[in-house]
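Each chain, written out:
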Amino acid sequence: MKRHFWVAFAILASIIAIVSSSGTKTVAASASGSTAVFDPQGRLKLPTGYRRWMFLGAPLTPDGLNNGKAGFPEYHLVYVEQQNLDAYLKTGSFPEGTVIVKELTRVLDPTFPDGSRAEPSGRGYFNGEFNGLDVTVKDSKRFAKSNGWGFFNFGHHPLPYAESATEASISECAGCHMSFVAKTDMTWVQFYPMLRK
């Protein structure tokens, strides 16, 4: 009887060890992969925690310097995860699964016709309210038609943003990237000092 007990115990302990180690592998694999999460319909879920990622820069093309008709009049606060930035700096391209977040902020309460305002530091442009979120995801298989990157818009308006987004058409986003920055991994690296190294 004792022998059967110890055999059963050994078998049970082996099963627990196998299940535990396979669970650990799954967690580790997902931790090193993409942070992009898609629902069953292929919509990208709103990323979380991106404001703690590496900040690349904040280009600005204000209305006041573009006859009131800038295509993107907001600051573009651009973020990428540290490991994907490190890979880019080593290889010149982002790894599969990279997520780049571009959060928009309006220019803070302009007081001059060019959209600037005076502050103790001088006259200039300053970040105002959040006003939208765009996300790109690198996945060569999923986004083969748009040069390996998918583009998603979570709204160009104040908070809150949409909780998920469908892939933007090529004419909305990817087409411009394909025309102008296809050779730099579909990214406007010229605007970000860290990526120009």
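The numbers attached to residues start from 1 for each chain and follow its sequence in the written order. In view of the model being predicted, local features appear only for residues whose pLDDT reaches at least 70, and side-chain atom pairs are presented and counted only at 80 or more, with totals across whole chains, interfaces and linings using the full set of residues. Only heavy atoms go into the side-chain values, all of them from the structure, while hydrogens and water stay out.

A. Local environment of the packing of aromatic side chains. Each Phe, Tyr or Trp ring (for Trp, its six-membered ring) is paired with any other whose centre lies within 6.5 Å, and the angle between the two planes then decides the class: stacked below 30 degrees, edge-to-face above 60, tilted in between. Inspection of every chain in the model, using the stated rule, returns ten aromatic pairs. Relative to phenylalanine 152, the ring of phenylalanine 143 lies with its centre 5.9 Å away and its plane at 70°, an arrangement referred to as edge-to-face. Here phenylalanine 143 and phenylalanine 152 have matching classes, each one buried. These aromatic residues form a ring-pair network of at least three members: Phe180, Trp188, Phe191 and Tyr192. If you follow arginine 51 out to its NZ or CZ, it ends over the ring of phenylalanine 130, 4.1 Å from the centre. We call a charge positioned over a ring when the NZ of a Lys or the CZ of an Arg lies within 6 Å of the ring centre and within 35 degrees of the ring normal. Here arginine 123 stacks its cationic end above the ring of phenylalanine 112, 3.7 Å away from the centre of that ring. Relative accessible area decides the class of each residue, using a 1.4 Å probe on protein chains only: under 20% of the type maximum gives buried, over 50% gives exposed, and in between gives partly exposed.

B. How the structure looks around the state of the cysteines. A pair of sulfur atoms, both from cysteines and within 2.5 Å, is called a disulfide here. Following the criterion strictly, the structure yields zero disulfides and no others. Here cysteine 173 is not cross-linked by a disulfide; its sulfur's nearest cysteine counterpart is in cysteine 176, at 8.9 Å.

C. Up close: the environment of arginine 123. Of note, arginine 123 is situated in strand S6 (residues 122-124). For arginine 123, a relative accessible area of 51% puts it in the exposed group. In this view, arginine 123 contacts Phe112, Asp114, Ser116, Arg117 and Ala118; residues no more than four positions away in its chain are not counted. In protein, a polar contact requires one atom able to donate a hydrogen and another able to accept it; more generally it is a pair of N or O atoms within 3.5 Å, and residues adjacent in sequence count only if both atoms are side-chain atoms. One polar contact links arginine 123 to aspartate 114, side chain to side chain, over a distance of 3.3 Å. Polar contacts involving the side chain of arginine 123 include one to the side chain of serine 116, which spans 2.8 Å. Think of it this way: any DSSP run of H or I at least four residues long counts as a helix, any run of E at least two long counts as a strand, and we number them from the N terminus. We call two residues in contact whenever any of their non-hydrogen atoms come within 4.5 Å of each other.

D. Inspection of the pattern of salt bridges at higher detail. By definition, a salt bridge exists where a carboxyl oxygen of Asp or Glu is found within 4 Å of a side-chain nitrogen of Lys or Arg. Within the structure shown, the criterion is met by eight salt bridges. One salt bridge connects glutamate 103 with arginine 51, and the closest N-O pair in it is separated by 2.8 Å. Here the residue glutamate 103 occupies a position in strand S4 (residues 99-107), and arginine 51 occupies one in the loop between strand S1 (44-45) and strand S2 (54-57), the gap between them amounting to 52 residues. On the basis of relative accessible area, arginine 51 is assigned to the partly exposed category, the value being 44%.

E. Fine view of helix H2 (residues 82-91). Of all the positions in H2, only Asn84, Leu85 and Tyr88 are classed as buried. Seen along its axis, H2 keeps its buried residues to an arc of 100°; they face one direction. In H2, the exposed positions that point more than 90 degrees away from the buried face belong to Lys90 and Thr91. Contact partners of the buried residues in H2: S2, strand S3 (75-80) and S4. Within two residues after H2, glycine 92 carries a phi angle of roughly 85°, on the positive side. Directions pointing from the helix axis toward each C-beta atom define the arc.

F. Structural context of the sheet that holds strand S8 (residues 149-153). One open sheet accounts for five strands, arranged S2-S3-S4-S7-S8; its pairing is antiparallel. With one partner strand each, in any of the chains shown, S2 and S8 form the two edges of the open sheet. Recorded for the sheet is a direction-independent mean angle of 30° between the axes of neighbouring strands. Bridging between strand S7 (residues 127-138) and S8 involves five bridges; their strand directions are antiparallel. Within S8, the residue paired with aspartate 134 across the bridge is asparagine 153. Two strands qualify as a pair provided that DSSP identifies no fewer than 2 bridges between them. In this analysis, axes come from line fits to C-alpha atoms, helices being fitted only over the stretch in contact, and the angle between any two N-to-C directions falls in the range 0 to 180 degrees.

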